[in-house]
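Architecture at a glance
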Amino acid sequence: MNNCRGRLVWSHAASPTGASHYAIYFEGAASEAPPKIPAAPWLGDADVLRAATGQPLGGWSHFTTAVGDLNGDNLFDIVAGTEKGDLVWSINRGTAEMPKFLGCQLLKDQLGPIDVGWYAAPFLVDWDKDGDLDLLVGTSGNVILWWRNVGDSSSPAFRYKGFIEADGKRLEVPEQPVAEDANGIFARDYFNQPWAGDFDGDGTIDLVTGGYTTGQIFWYRGNRPKPDGTAQLTFAGPVIAEGQAIDVIWAAAPTCFDMDGDNRIDLLTGAWRWSGIPDPAKPGEEDLLQCYLGVDGPTDDSVPQFTKVQFPAKGIFPAGSIARPSVIDANGDRLLDLFVSESGGNAYLFYNVGTRESPKWDVASPPLTVAWGFVRGYDVAASMADLTGDGSEEYISGNVIYSLQGPPFAPRNERVGVAHVAGRPIHHPGPGYGDPYSYAVLCRFDNDDRADVLWGTQQGNLYWHRNLGAVDELAFDEGKLISLTTGDPLRLGPPVVESADEADDFTILQGSRIVFTYDDFDGDGVRDIIAGETYGNLWIFRGSPQSAERAFEPGVVLTKLATRPEAIACTDWDGDGRLDVLIGGTASDPITILTNTSAPGQPAITPAKSLQGLPYLFWGPKVRATDWNGDGDVDLLVQSEFFSFWVERSFLDHGYHFATVSSKLESRSHAVR
């Protein structure tokens, strides 16, 4: 992180009478002063939404960390991987008693920023026994890559060396069994999370890694080192506890150490009991971390044996999933603390408040935060309507109503409450298999002055919940199944089967993935439903002017999209008086536009075209069209994964306008540049 150079960007309003002038002031800082994170408000230049305080240290999806002192200052640093395969290094700017992290920089090798493709689970270890920390990365394709540190103790420099090997060939972590996969859907694993150290107490380095979908932990025994100092590995099988292979369901992330001072190796691991498992959870299965103590083995003492025990915690685990623990003395008290990351981007320091022989970790610690970190948890692309009658618009996420408050440059997400039916949160059960899914919007469905809820289900149906808000604006009726003029229910997506055993492909397992918007697309004065689903078809269900019950004509496919849409927005993008369609697409093609060529009562649309001028916006972008800053044009708000982006229309059309320095002022102490 280097604040000595870079560009300054600010929001500019064009003057009709000539050039605009701005004054820029600088304060000098001592050369030895620690760096500061520069302010980064939302300006409309397609940058991610950030906030000055309170944001998580990570912020990325599948945020996966390792710890170690990379710059020789006797403080532990963080190396983190992300779902997109990037690696970042956060330098510890604190003290031995109080760690502090200000930001991060991309981790590089001889070719530039390291990018392993999909998923990066790093681990720092002296792999070649030359006295410095090298880099191992578990990644997709069930492999582990490594980089030799060819720098010095204060300035690491990584050189890519290729695949970790075992048994004389590329190490490939087993991808089976997946006990929860009755239909063979998860034939390939997502990634693995390695740990390296002396696992069996023979003085040589071993490798232990956790499978993501298998949930098992696999041991590769280290033998005599190779001439370059790296370990020769032999596959030794799954790690055993109480006579069976450890299986944490999904997302095994082991770290191994003697946690209680008995000279036996113990094991902590992340775990994930994901939502598609129908059986009731056993005690401890839903904990963020699981604990296995080393015990004497029944046969070969060189094969570590374990027994599962309750994790020694003070307090209640924070909400999260897919955690990865690392062991470090974070506060200089000579007790082993835990640095824990989780897939939502949070990182925690669980301090040991017990003893060396009887550890207990305070898991109620708040997450670590960073100034001007990524804001998560908003849905700026959701359909909005004034639900409470206060003049501001609200949106629904799941069954929770939120409102975006504050200026457009620094919006705040405020929770309004839960949309409910007679005091019960709105809920429509899924079919009992696959990931639970719903899609809801606020809209004035029945043309009164109150916003209703339209709710799409995993099965592909739509329900209308009428707003009863005479007293309680969050109260809705039981919900009515949206029907067609034929009397059939409106439904999109794959067939609904009786059980997961009959869901013989991933598409059926996951259901409709229905998304929709409600507007007068064909210009006949009656609002229609425009919908998409998992097959990538874009449908129109024309509103029937003859139906007092708000029925719709049978659906017609307007076009076939390149991929299933994440959201649908309607706006008059080209100014011809007709509502065009904006579709959130893929990481490489984030937003496409389909121009409306309808005549009244005759819906028609052009093929999708990429909206030009957009940067990389992460995976699964959703889009909303609105005049976000009130300057009279249609802007784009994009929600992609956890991240929010604002694309001001003038920036999309014209880009940055470059300013020129018209004068330089000098203070008594230094020049202002």
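A quick note: this is a predicted structure, and the numbers were derived from the prediction, not measured.

Rules and cut-offs
- Residues numbered from 1 in each chain as written.
- Predicted model: local features only at pLDDT ≥ 70, side-chain atom pairs only at ≥ 80, totals over all residues.
- Heavy atoms only, no water.
- Domains from an automatic or database assignment.
- Contact = heavy atoms within 4.5 Å.
- Buried area = accessible area lost by both parts, 1.4 Å probe.
- Salt bridge = Lys/Arg side-chain N within 4 Å of Asp/Glu carboxyl O.
- Polar contact = N/O pair within 3.5 Å; in protein donor to acceptor, adjacent residues only side chain to side chain.
- Buried < 20%, exposed > 50% of the residue type's maximum accessible area, 1.4 Å probe, protein only.
- Helix = DSSP H or I, 4+ residues; strand = E, 2+ residues; numbered from the N terminus.
- Pairing = 2+ DSSP bridges.
- Axes fitted to C-alpha atoms, helices over the stretch in contact; angles between N-to-C directions.
- Phe/Tyr/Trp six-rings, centres within 6.5 Å; stacked < 30°, edge-to-face > 60°.

**Section: the domain arrangement of the protein chain**
Domain boundaries in the protein chain define domain 1 (50-374) and domain 2 (384-654). A separation of 39 Å is found between the C-alpha centroids of domain 1 and domain 2. Contacts between the two partners involve 15 residues from domain 1 and, on the opposite side, 14 residues from domain 2. Of the roughly 1000 Å² buried at the junction of domain 1 and domain 2 (both faces included), carbon and sulfur atoms supply 63%. Of all residues in domain 1, Lys-84, Asn-183 and Ile-185 bury the most surface against domain 2, accounting for 43% of the area lost on that side. Where domain 1 meets domain 2, there are one salt bridge. In this assembly, domain 1 and domain 2 are joined by one residue pair in polar contact (both at pLDDT 80 or more).

**As for the pairing of strand E27 (residues 324-328)**
By the criterion of burial, E27 is predominantly enclosed, with four of the five residues buried. Looking at chain direction, E27 and strand E28 (residues 337-341) are connected through five bridges and run antiparallel. Note that in E28 the partner of Ile-328 across the bridge is Asp-337.

**Some remarks on the environment of Trp-118**
For Trp-118, the location among the structural elements is in the loop between strand E9 (112-113) and strand E10 (120-125). Under the relative-accessibility criterion, Trp-118 is labelled partly exposed at 41%. Leave out the neighbours within four places in its chain, and Trp-118 touches Glu-83, Lys-84, Gly-85, Thr-139 and Ser-140.

**Concerning the pattern of salt bridges**
Scanning the entire structure with this criterion turns up 23 salt bridges. In this structure, Lys-622 engages Asp-379 in a salt bridge whose closest nitrogen and oxygen atoms are separated by 3.0 Å. In this pair, Lys-622 sits in strand E50 (residues 622-626) while Asp-379 sits in the loop between strand E32 (373-374) and strand E33 (394-397), placing the two residues 243 residues apart along the sequence. Taking the relative accessible area as the measure of exposure, Asp-379 reaches 11% and is therefore buried. With a shortest N-O distance of 2.5 Å, Asp-522 and Arg-542 are connected by a salt bridge. Of this pair, Asp-522 sits in the loop between strand E42 (515-519) and strand E43 (528-532) while Arg-542 sits in the loop between strand E44 (537-541) and strand E45 (556-560); the two residues are 20 residues apart in sequence, bridging distant segments of the chain.

**Structural notes on unusual backbone geometry**
Apart from glycine, the bulk of residues carry a negative phi angle, and the bulk of peptide bonds sit in the trans form. In this model, Gln-176 is joined to Pro-177 through a cis peptide bond whose omega is 5 degrees. Relative to the helices and strands, Pro-177 resides in the loop between strand E15 (169-170) and strand E16 (192-197). Positive phi is not limited to glycine here, since Lys-129 has a value of about 60 degrees. Topologically, Lys-129 is positioned in the loop between E10 and strand E11 (134-139). According to the relative accessible area criterion, Lys-129 is exposed, its value standing at 57%. A positive phi is found at Ile-249, a non-glycine position, where the angle reads about 85 degrees.

**What to know about the pairing of strand E52 (residues 643-647)**
In summary, the side chains of a regular strand alternate between the two faces of the sheet. Counting buried residues in E52 gives five out of five residues, a clear majority hidden from the surface. By the alternation rule, side chains of E52 split into Phe-643, Phe-645 and Val-647 and Ser-644 and Trp-646, which are all buried. Taken together, the five bridges between strand E51 (residues 635-640) and E52 define a ladder with antiparallel strand orientation. Each bridged residue has a counterpart across the sheet, and for Leu-636 the counterpart in E52 is Val-647. Joining the antiparallel neighbours E51 and E52 is a turn of two residues, in which Glu-641 adopts a positive phi near 55 degrees.

**Considering the sheet that holds E33**
Across the sheet, which stays open at both edges, the three strands sit in the order E33-E34-E35 with antiparallel pairing between neighbours. The open sheet has two edge strands with one neighbour each: E33 and strand E35 (412-418). On average, each strand axis in the sheet is inclined to that of its neighbour by 35 degrees, with strand direction left out of account. Bridging between E33 and strand E34 (residues 400-405) involves four bridges; their strand directions are antiparallel. Across the sheet, Glu-394 pairs through a bridge with Ser-403, a residue of E34.

**Section: the packing of aromatic side chains**
Under the counting rule described, the total for this entry stands at 45 aromatic pairs. Aromatic side chains Trp-60 and Phe-374 sit 5.8 Å apart centroid to centroid with 80 degrees between the ring planes, which places their arrangement in the edge-to-face category. Separated by 314 residues along the polypeptide, Trp-60 in the loop between strand E3 (55-56) and strand E4 (64-68) and Phe-374 in strand E32 bring together distant segments of the chain. Accessibility assignment for this pair places Trp-60 and Phe-374 in one class, buried. The interplanar angle of 35 degrees and the centroid separation of 5.6 Å between the aromatic rings of Phe-311 and Trp-361 together place this pair among those described as tilted. Residue Phe-311 is found in the loop between strand E25 (305-309) and strand E26 (313-314), and its partner Trp-361 is found in strand E30 (residues 361-362); the two are separated by 50 residues along the sequence. Assessed through its relative accessible area of 6%, Phe-311 is described here as buried. In this structure Trp-361 comes out as buried when scored by relative accessible area, which is 0%.

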